Amino acid sequence: MQASRARLFKEYKEVQREKVADPDIQLVCDDSNIFKWTALIKGPSETPYEGGIFQLAFAVPEQYPLQPPQVRFLTKIFHPNVHFKTGEICLDILKNAWSPAWTLQSVCRAIIALMAHPEPDSPLNCDSGNLLRSGDIRGYQSMARMYARLAAMPKKG
């Protein structure tokens, strides 16, 4: 557990340094628990999520970095690889393709890449996956854009 704390503390310091360098990701460590983090990520441009700010929750295991963090969307998102109700993310690096070389920051990058390039063949959200698999790109994009507007975009007063 000491090694995981040291690693997370190192990542925390890197995040503080990179705040300006990566405007798409804002990672924040819980004040009282270094194993709990949240992130705000910007929806990738030229996707239905563009303009949205999506919140992620990280639960980091004591065996980190030998085991991956558990990450889920707190913001509702219509995406084939994200469970609509729980926010669970289907991403290989969070499961069997994890490597200790990954950091919380690079996991955020991978999630942003997944948002831009969904994998409809392994869906957690079957409605979203079925739209893409059947070739209804417009239907998928309009649903994804609608949910992004409802859940991830600041309300205009």
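For every chain, the first residue of the written sequence is number 1, and numbering continues from 1 along that sequence. Reporting in this predicted model follows two pLDDT cut-offs: at least 70 for local features of residues, and 80 or more for side-chain atom pairs to be given and counted; totals over whole chains, interfaces and linings ignore these cut-offs and use all residues. As a rule here, side-chain values come from all non-hydrogen atoms in the structure, and water together with hydrogens is ignored.

For the protein chain, the name recorded in an unreviewed UniProt entry is E2 ubiquitin-conjugating enzyme, with Carpinus fangiana as its organism. UniProt positions are given in the numbering used here, feature names are shortened, and annotations may be inferred rather than shown by experiment. According to the UniProt record, the Sequence similarities (unreviewed entry) comment for the protein chain is "Belongs to the ubiquitin-conjugating enzyme family."

Chemist: I tried to follow the UniProt feature "active site" (unreviewed entry) in the protein chain on my own but got confused; where do I start?
Modeler: Following the UniProt record, one finds the feature "active site" (unreviewed entry) at C90. Helix and strand definitions here come from DSSP, where helices need a minimum of 4 consecutive H or I residues and strands a minimum of 2 consecutive E residues; each element is numbered from the N-terminal end. Mapped onto the elements of the fold, C90 is located in the loop between β4 (70–73) and α2 (104–116). By relative accessible area, which is 28% here, C90 ends up partly exposed. The residues touching C90, leaving out its near neighbours within four places in the chain, are N81, L114, S122 and L124. Three exposure classes are used, based on accessible area relative to the maximum for each residue type with a 1.4 Å probe and protein chains only: buried under 20%, partly exposed in between, and exposed over 50%. The contact criterion used throughout is that any non-hydrogen atoms of two residues lie within 4.5 Å.

Chemist: Can you walk me through the layout of surface pockets in this structure?
Modeler: Approximately 270 Å³ is the volume found for the largest pocket. A 1.4 Å probe that fits into a set of points on a 1 Å grid over the protein atoms alone but cannot get out defines a cavity; an open set with protein on both sides within 12 Å along at least five of seven lines defines a pocket, and lining residues are those with an atom within 4 Å of a point. As for the largest pocket, its lining consists of 15 residues, and the residues nearest its centre are A57, A59, Q70, V71 and R72. Listed by contribution, the elements that provide at least two residues to the lining of the largest pocket are β2 (36–42), β3 (53–59) and β4. Put simply, Ala, Val, Leu, Ile, Met, Phe, Trp, Tyr, Cys and Pro go in the nonpolar bin, Asp, Glu, Lys and Arg in the charged bin, and everything else, Gly too, in the polar bin. Of the residues assigned to the lining of the largest pocket, the class counts are nine nonpolar, two polar and four charged. Grid points are joined across faces, edges and corners, and a volume is the space filled by probe spheres set on the points.

Chemist: What's the story with the nonpolar core in this structure? I'm lost.
Modeler: The tendency in soluble globular proteins is for nonpolar side chains to be buried side by side. For our purposes a nonpolar core is just a set of buried Ala, Val, Leu, Ile, Met, Phe, Trp, Tyr and Cys residues, chained together by side-chain atoms within 4.5 Å. Residues W37, I41, L56, F58, F73 and I89 are the most contacted members of the largest nonpolar core, which totals 40 residues. Residue assignment for this core shows that the elements contributing at least two residues are α1 (2–18), β1 (25–29), β2, β3, β4, α2 and α4 (137–152). Ranked by the residues each element gives to this core, the list is headed by α2, at eight residues. Non-local contacts of F58, meaning those with residues more than four positions away in its chain, are made with L27, F35, K36, W37, A39, P69, Q70, V71, L104, V107 and C108.

Chemist: Please clarify how the environment of P23 should be interpreted in this entry.
Modeler: As for its position among the elements, P23 is in the loop between α1 and β1. With a relative accessible area of 53%, P23 lands in the exposed category.

Chemist: Looking at this model, I keep getting lost on the environment of Q55. Mind explaining?
Modeler: Tracing the chain through its elements places Q55 in strand β3. Residue Q55 is classed as partly exposed on the basis of its relative accessible area, which comes to 30%. Distance in space between the C-alpha atoms of Q55 and L40 is 4.6 Å, their sequence separation being 15 residues. Look past the residues within four positions of Q55 in its chain and what remains in contact with it is T38, A39, L40, R72, F73, L74 and T75.

Chemist: Would you mind showing me how to read α2 here?
Modeler: Owing to its 3.6 residues per turn, the α-helix brings residues three or four apart onto one side. For a helix, the expected span equals 1.5 Å multiplied by the residue count minus one. Between its first and last C-alpha, α2 extends 19 Å over 13 residues, near the 18 Å set by a 1.5 Å rise per residue. On its buried face, α2 sits against α1, β1, β2, β3 and β4.

Chemist: It is not clear to me how unusual backbone geometry should be interpreted in this structure. Could you clarify?
Modeler: Trans peptide bonds make up the majority, and among non-glycine residues the majority have a negative phi. Residue P65 is bonded to the preceding Y64 through a cis peptide linkage, with omega at 5°. Tracing the chain through its elements places P65 in the loop between β3 and β4. Look at E46: it is not a glycine, yet its phi comes out positive at around 60°. One can find E46 in the loop between β2 and β3.

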